[in-house]
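A look at the structure
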Amino acid sequence: MEVTKLKECYVVTDILCDVCGESCKKDDDVFEYATLDQRWGYYSNKDGEYSKQHICESCTDKIMAFIESIRKK
Ligand SMILES: [Zn+2]
């Protein structure tokens, strides 16, 4: 026999783009986004820093175009 109790918890209701602020929600519980994780270690100038950005599809396209434009040919 299982003994249960009601337990409240936080759930993700939306994800906002860290660039433009727009919602990445496409449908109930469906989110479309890219992430940029930064984890810096001892040999960097940012030792111990960590951050994670959520980026919507539109901003991801712009960022990828920028990366492509500066990529060494
Ligand atoms: Zn965006």
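Heads up: the structure comes first, above all this text.
First, a word on what this report is: a plain description of the structure on this page.

Conventions used here
- Residues numbered from 1 in each chain as written.
- Predicted model: local features only at pLDDT ≥ 70, side-chain atom pairs only at ≥ 80, totals over all residues.
- Heavy atoms only, no water.
- Helix = DSSP H or I, 4+ residues; strand = E, 2+ residues; numbered from the N terminus.
- Rg over C-alpha atoms; globule rule 2.2 N^0.38 Å.
- Contact = heavy atoms within 4.5 Å.
- Areas by Shrake-Rupley, 256 points an atom, 1.4 Å probe, with all protein chains shown as cover.
- Lys, Arg positive; Asp, Glu negative; His and termini not counted.
- Charge placed at Lys NZ, Arg CZ, Asp CG, Glu CD.
- Donors = N, O, S within 2.8 Å, 3.2 Å for Na, K, Ca; no water.
- Tetrahedral: all angles 85-135°; square planar, octahedral: opposite > 155°, others 65-115°.
- Buried < 20%, exposed > 50% of the residue type's maximum accessible area, 1.4 Å probe, protein only.
- Phe/Tyr/Trp six-rings, centres within 6.5 Å; stacked < 30°, edge-to-face > 60°.
- Core = buried A, V, L, I, M, F, W, Y, C linked by side-chain atoms within 4.5 Å.

On a plain count of helices and strands, the chain comes out with one helix and four strands. The C-alpha radius of gyration of the chain comes to 18 Å, more than 25% above the 11 Å expected for a compact globule of 73 residues. Counting only C-alpha atoms and orienting by the principal axes, one finds that the chain spans roughly 65 × 35 × 20 Å. Here the analysis covers contacts within the chain between residues at least 6 apart in sequence; of these, 25% occur between residues at least 24 apart. Accessible area for the chain stands at about 7000 Å²; split by element, carbon and sulfur atoms hold 52% of it. Counting 11 positive and 15 negative side-chain charges, the chain places the averaged centre of each group 7 Å from the other.

Surrounding the zinc ion are the protein donor atoms Cys 17 (SG), Cys 20 (SG), Cys 56 (SG) and Cys 59 (SG), which sit 2.3 to 2.4 Å from the metal. For the zinc ion, the four donor atoms in the first shell make angles of 105 to 113° at the metal, a pattern classed as tetrahedral. Here the donor residues of the zinc ion are spaced in sequence according to C-x2-C-x35-C-x2-C. Note that Cys 20 is positioned in the segment before strand S1 (25-27) and Cys 56 in the loop between strand S4 (50-55) and helix H1 (57-70), a separation of 36 residues in sequence. Relative accessible area serves as the criterion here: at 39%, Cys 20 is assigned to the partly exposed category.

Further remarks concern the packing of aromatic side chains. Across all of its chains, the model carries one aromatic pair by this definition. An angle of 85° between the planes, with centres 5.1 Å apart, marks the rings of Tyr 42 and Tyr 43 as edge-to-face. We note that Tyr 42, like Tyr 43, is exposed.

Time to look at the nonpolar core. With six residues, the main nonpolar core is built from Ile 15, Cys 17, Cys 24, Ile 55, Cys 56 and Cys 59. Those residues in contact with Ile 55 that lie beyond four places of it in its chain are Cys 17, Val 19, Tyr 33, Ala 34, Leu 36, Thr 60 and Ile 63.

Limitation: the analysis is restricted to geometry and does not speak to function.
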